[in-house]
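# Close look at the chain arrangement
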Amino acid sequence: MNIAVLGSKRVGKSSILKVVFQKMSPNETLFIESTTRVDEVKIQNNPYTRCTILDFPGTFEISQMTSLERRFLQDSAMIIYVLDAQDEPYNKSLEKLVSLMSEVYSFNPHCKIEVFCHKIDGDMFVNDDVKLGVLNEVSEIVRFDTTERKLPEPSFHLTSIYDLSIFEAMSKCIQKITPGVGHMQNLLDILMSHCRIDKVYVFDVISKLYIATDSTPVDLISYELCSDMIDVVIDVSCIYGVGEDENFNNAFDGKSTSVIRLDTGLTLYLREVEHLLALVCLVKDDNFERHHLIDYNIDRFKEGAKKILDAREKWVKEQEEVKG
Amino acid sequence: MEENDPNKKVLLMGKSGAGKTSMRSIIFANFMPKDTMRLGFTNSINQSNIRFLGTLSLALWDCGGQDHFMQHYFESQRDTLFRNVQVLIYVFDVHSEDQRDMNYYRSCVDAIQDHSPTAHIFVLIHKMDLIPVEKRDEAFNKKEREVVKNSAGLNVICFKTSIWDETLYLAWSRIVHYLIPNSDVLTQSLNRFCSACEADEVVLFEKSTFLVISNFSSKQHKDVHRFEKISNIVKQFKLSCSKAAARFKSMTVMNTNFCAFVDEFTSSTYIMLISSDSTILPALTQMNIDLAKKHFEGVVRASTAVAQ
Ligand SMILES: Nc1nc2c(ncn2[C@@H]2O[C@H](COP(=O)(O)OP(=O)(O)OP(=O)(O)O)[C@@H](O)[C@H]2O)c(=O)[nH]1
Ligand SMILES: Nc1nc2c(ncn2[C@@H]2O[C@H](COP(=O)(O)OP(=O)(O)OP(=O)(O)O)[C@@H](O)[C@H]2O)c(=O)[nH]1
Ligand SMILES: [Mg+2]
Ligand SMILES: [Mg+2]
């Protein structure tokens, strides 16, 4: 499955990929060199997070695309279009987006388009109203142009590499093109209501993207806490939980479990569900008392998730065979 | 008298921009490393009193390092500044070759010799992250030799540090160790507790800084820097919790090979206990920790008590 990342020069496309998938710290991105040709980044963290991301150069023009670039776009299930929110006015970049959309839909009608209003950080965006203002402005311009040309409307995200918003947006994007996510969500909703859990995520332990969550809204604070918990679990396990000649991959295993109790009356609970996949949930202390019940239900969830995974594997194989 | 004075005077000195205020803010004021980029220079001396382990009180003198301040320290302020000092911490920026810096260090050593001859001297060769990994030892050794040459024969301990990794916690854990009057009491009690729980090791951290206060291991471990790493990991997590307006009370982490407990212990400490014996039920260990809390309250108090 391919995701193409496009947008004007220096809007932050390569930075996003480095920060999310290659653990680069945000301030190191200042030194990233401009991309000169399409870079393929293969992601294979676990069976659920598996795709190829195509990092396009900012100089790319749809009107002058090469046959290779065309092939890339044809094969992409999704295009992420990055817009620099700190670089007003947006008209030119948005015009580019709309002409890109109408061209791409002509040869890849099922492609999903996601717009990242990026670099929403720094002094300009301390206040939430300003952020929402950008979102409204951008979506209105695009909506006007797309209705005029009878194109489907894309989705919009506010992102920055300096906080978790980029991880949240990327999580949502990958879920949109991953079959079986809806079933996972149903299973998580069931788990949640059986055990009175407040919020539950299934994480890719390596990138800390969540590959599924229950159907209640995601708030960045709970996401960040769960994501930081994974850091703690992995770091501590790398020190005490690996043998002489083992590495990171052995730190997180079938028995990996963690409980963190907060003074707000909430407990964070983590369990392994699959190789390098972790289920993390927030539970009120009172409901965590019955934690055998939670464990029992998580085991049922694991069985269900395994079935979804197997079905997906089969589907992917079939797709590959069709393609030959 | 200095050794037992509950008010411990700690001088933090070094050239402007060396990173003194940064490290102090990270260790004692819950700054994230990246927050230090916003710090301005320190105007003359910033004095803060820090409560540590309940009853100890550190008077931390963060001395701004611009040249005109430095001159005052060695002239008009010399007698007061360098009197009653328990610990001098001198910070060098590892990639600065400025000869004045070494001269200032030399002047500090001389002043300490005159006014606080029993003080402990620590030198931090700082910002090691700016040196490529494979060149760090060489850069450190070179600077250390130079420091020793300029220390007038006094006993100095050098550390390589950076705010971006756990080395900062190692250096400061060692430094505060010198400020705890009876740390042996703690180690002995931890030893007994460790055997009683059949644990691999137990470590005591100071509650607000997460510096290592004491530890006991019944098993060898390949990673000698693990305690600083844990300090760093847990402190970062503590800060993330505070962003969510929460404080963590306890955590357990386990996989097939081990189980780690980190728990609020006495009123001024957290404890970490590591167990690799899967036949010991976690609930039992948790109970042992809970039962030991009261006893250790007294032990910690005794370790910080001033001998009469
Ligand atoms: N403030 C801020 N700056 C960012 C963010 N993301 C990226 N940048 C900066 O934007 C600049 C350009 O980043 P790149 O990732 O090279 O941009 P690009 O879109 O790949 O550029 P081309 O390859 O030339 O098309 C770098 O200096 C990044 O540090 C962000 O979220 N916030
Ligand atoms: N790369 C790197 N930068 C650091 C480190 N420690 C501090 N800095 C940076 O160095 C700069 C100066 O730090 P300060 O702590 O203000 O320096 P200072 O020694 O207090 O300076 P004065 O108050 O003028 O004496 C800040 O921008 C810090 O972010 C480090 O370990 N590595
Ligand atoms: Mg690029
Ligand atoms: Mg300062």
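Keep in mind that this is a model prediction, so the values were computed, not measured.

Conventions and cut-offs
Residues numbered from 1 in each chain as written. Chains lettered and ligands numbered in written order. Predicted model: local features only at pLDDT ≥ 70, side-chain atom pairs only at ≥ 80, totals over all residues. Heavy atoms only, no water. Pairing = 2+ DSSP bridges. Helix = DSSP H or I, 4+ residues; strand = E, 2+ residues; numbered from the N terminus. Axes fitted to C-alpha atoms, helices over the stretch in contact; angles between N-to-C directions. Contact = heavy atoms within 4.5 Å. Donors = N, O, S within 2.8 Å, 3.2 Å for Na, K, Ca; no water. Buried < 20%, exposed > 50% of the residue type's maximum accessible area, 1.4 Å probe, protein only. Domains from an automatic or database assignment. Buried area = accessible area lost by both parts, 1.4 Å probe. Salt bridge = Lys/Arg side-chain N within 4 Å of Asp/Glu carboxyl O. Polar contact = N/O pair within 3.5 Å; in protein donor to acceptor, adjacent residues only side chain to side chain. Nonpolar A, V, L, I, M, F, W, Y, C, P; charged D, E, K, R; others polar.

## Observations regarding the sheet that holds strand β2 (residues 45-52) of chain B
Residue and element names in this part refer to chain B. Across the sheet, which stays open at both edges, the six strands sit in the order β2-β3-β1-β4-β5-β6 with mixed pairing between neighbours. Edge positions in the sheet fall to β2 and β6 (156-160), since each of these pairs with one other strand and no more. Each strand axis lies, on average, 20 degrees off the axis of its neighbour in the sheet, ignoring direction. Those strands touched by helix α1 (residues 20-28) are β1 (7-14), β2, β3 (56-63), β4 (87-93) and β5 (120-126), and its axis lies near 155 degrees from that of β3.

## Focus: the coordination of the magnesium ion (ligand 3)
Where a metal carries four tetrahedral donors, each ideal angle is 109.5 degrees; where it carries six octahedral donors, the ideal angles are 90 or 180 degrees. Residues and elements named next belong to chain A. Protein-derived coordination of the magnesium ion (ligand 3) comes from Ser 14 (OG) and Thr 35 (OG1), at a distance range of 2.0 Å. Highlighted residues: Ser 14 in helix α1 (residues 13-21) and Thr 35 in the loop between α1 and β2 (39-46), separated in sequence by 21 residues. Across the pair, exposure class does not vary: Ser 14 and Thr 35 are buried alike.

## Observations concerning the domain arrangement of chain B
Residues and elements named next belong to chain B. Domain annotation of chain B identifies domain 1 (7-177) and domain 2 (183-304). The C-alpha centroid of domain 2 is placed 29 Å from the C-alpha centroid of domain 1. Listed by partner, the interface residues are 21 residues for domain 1 and 21 residues for domain 2. Interface of domain 1 and domain 2: buried area, both sides summed, is about 1900 Å²; carbon and sulfur atoms make up 66% of it. Summed over the shared surface of domain 1 and domain 2, the result is zero salt bridges. Where domain 1 meets domain 2, there are five residue pairs in polar contact (both at pLDDT 80 or more). When contributions to the side of domain 1 that touches domain 2 are tallied by element, the ones reaching two or more residues are α1, β2 and α6 (167-177). A per-element tally of the side of domain 1 that touches domain 2 places α6 first, with six residues. Considered class by class, the residues forming the side of domain 1 that touches domain 2 number 13 nonpolar, five polar and three charged.

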